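The primary structure of each chain is shown beneath.
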Amino acid sequence: EDELKELRRKAEILAQLCEMSAALATVYDTAAILDYATEVVMRSIPADCCAALVRDPCGDPKPVSIRFRNPDSGAIKESTISRTAVRTAMEKRVMLSSTDVPHDLDLQVSQSAVMQGIRSLACAPLVGHEDVHGALYVDRRDVLETFTEVDTQLLAAVAAQAATALEAANARERINREQSARAAFARFMPEHIIKELLENPQKFQLGGTNRRVTVLFCDVRGFTTLSENESPQEVVSMLNEFFTLMAGVVFRHHTLPPAERRRCPAKRRRGSRSWTT
């Protein structure tokens, strides 16, 4: 009877994981993904508290979704979470669990966590392909009740699903950001500059860098008279068309073979302040 009960629970867990995978396939919001993960955990694991945390820019875990078995515990909020356990799981990229938090010498949780009544806990890191996005944390306050091996396995499986969904959300955000950047800069920058900007944004800093470049100065004949007689919309439309054509020509000639560059040294026109190559 016990084996049958265990098999039924595992079947329910598999069903919930399949449901979670299908539900998160089209979700690209971090908060929504982690909120769904904590909901699945609280439905399947007898935890008193479940929290999903993400790494902030400083590297510290920040709670995004927190659920409590007892609604009155919500007033305590994230102060109930053992940050030591979360940081350890994220740094070591391993499942962390303890059935006796106050006396677990390896865990070394803070005294405040013990005073809050945490007796057992488990924490699974949200491990992506390149980095750890955060962690999924659960704990219990009952001295006689601890997490089973099946509980920790489920927590690890939900964490893996959530990490995959976060990876997809980050990839989608990166693609959208690149598309927006290309649309914004494509008219003013050549493709190789845009690619470099997207792949290595840290290289572009205020102040610039010293480079030897060629600059084209161009004057539109009769532009003052034209802008006086035409509407602003007509002037902008004309300039957009002009810049599009001119930028296309410049972009096509932005690189010359080194040998050809050596054969075309920079020369200064007589009576002019412009330089040509």
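Coordinates for the structure precede this section.
Residues numbered from 1 in each chain as written. Predicted model: local features only at pLDDT ≥ 70, side-chain atom pairs only at ≥ 80, totals over all residues. Heavy atoms only, no water.

### Things to note about the environment of Ala184
(1) Moving on: Tracing the sequence through the fold places Ala184 in helix H5 (residues 149-185).
(2) Moving on: With 10 residues separating them along the chain, Ala184 and Ile194 place their C-alpha atoms 9.9 Å apart. (Helix = DSSP H or I, 4+ residues; strand = E, 2+ residues; numbered from the N terminus.)

### Comments concerning the nonpolar core
(1) Moving on: In this structure, Met20, Val41, Leu126, Leu136, Val138, Leu155 and Val158 are the most contacted members of the largest nonpolar core, which totals 32 residues.
(2) Moving on: Looking at this core, the elements that each hand over two or more residues are helix H1 (2-23), helix H2 (30-44), strand S1 (49-55), strand S4 (120-127), strand S5 (132-140) and H5.
(3) Moving on: If sequence neighbours within four positions are ignored, Leu155 has contacts with Val41, Ile45, Met95, Ala122, Cys123, Ala124, Leu136 and Val138.
(4) Moving on: Counting residues in each nonpolar core, the second largest holds 15 residues, with Ala85, Val86, Ala89 and Ile118 among its members. (Core = buried A, V, L, I, M, F, W, Y, C linked by side-chain atoms within 4.5 Å. Buried < 20%, exposed > 50% of the residue type's maximum accessible area, 1.4 Å probe, protein only. Contact = heavy atoms within 4.5 Å.)

### What about the pairing of S1?
A regular strand places its side chains so that they alternate between the two faces of the sheet.
(1) Moving on: By the criterion of burial, S1 is predominantly enclosed, with six of the seven residues buried.
(2) Moving on: Linking two consecutive strands that pair antiparallel, namely S1 and strand S2 (residues 61-68), is a turn of five residues; a positive phi of about 95° is found at Gly59 within it.
(3) Moving on: The pairing of S1 with S5 spans six bridges and is classified as antiparallel. The residue of S5 that forms the bridge with Leu53 is Ala135. (Pairing = 2+ DSSP bridges.)

### What about the pattern of salt bridges?
(1) Moving on: The full count for this structure, using the stated rule, is four salt bridges.
(2) Moving on: With its nearest N and O atoms 3.1 Å apart, the salt bridge here joins Arg43 to Glu39. Note that Arg43 and Glu39 are positioned in helix H2 at a spacing of four residues, about one turn of the helix.
(3) Moving on: For Asp139, the salt bridge identified is with Arg141, shortest N-O distance 3.1 Å. (Salt bridge = Lys/Arg side-chain N within 4 Å of Asp/Glu carboxyl O.)

### Here's the deal with a negative patch on the surface
(1) Moving on: On the surface, a cluster of negative charge is made up of Glu1, Asp2, Glu3 and Glu6.
(2) Moving on: Note on placement: Asp2 falls in helix H1.
(3) Moving on: On the accessibility criterion, Asp2 (65% relative accessible area) is exposed. (Patch = residues over 30% accessible without salt bridge, like charges linked within 9 Å, V, L, I, M, F, W, Y side chains within 5 Å. Areas by Shrake-Rupley, 256 points an atom, 1.4 Å probe, with all protein chains shown as cover. Lys, Arg positive; Asp, Glu negative; His and termini not counted. Charge placed at Lys NZ, Arg CZ, Asp CG, Glu CD.)

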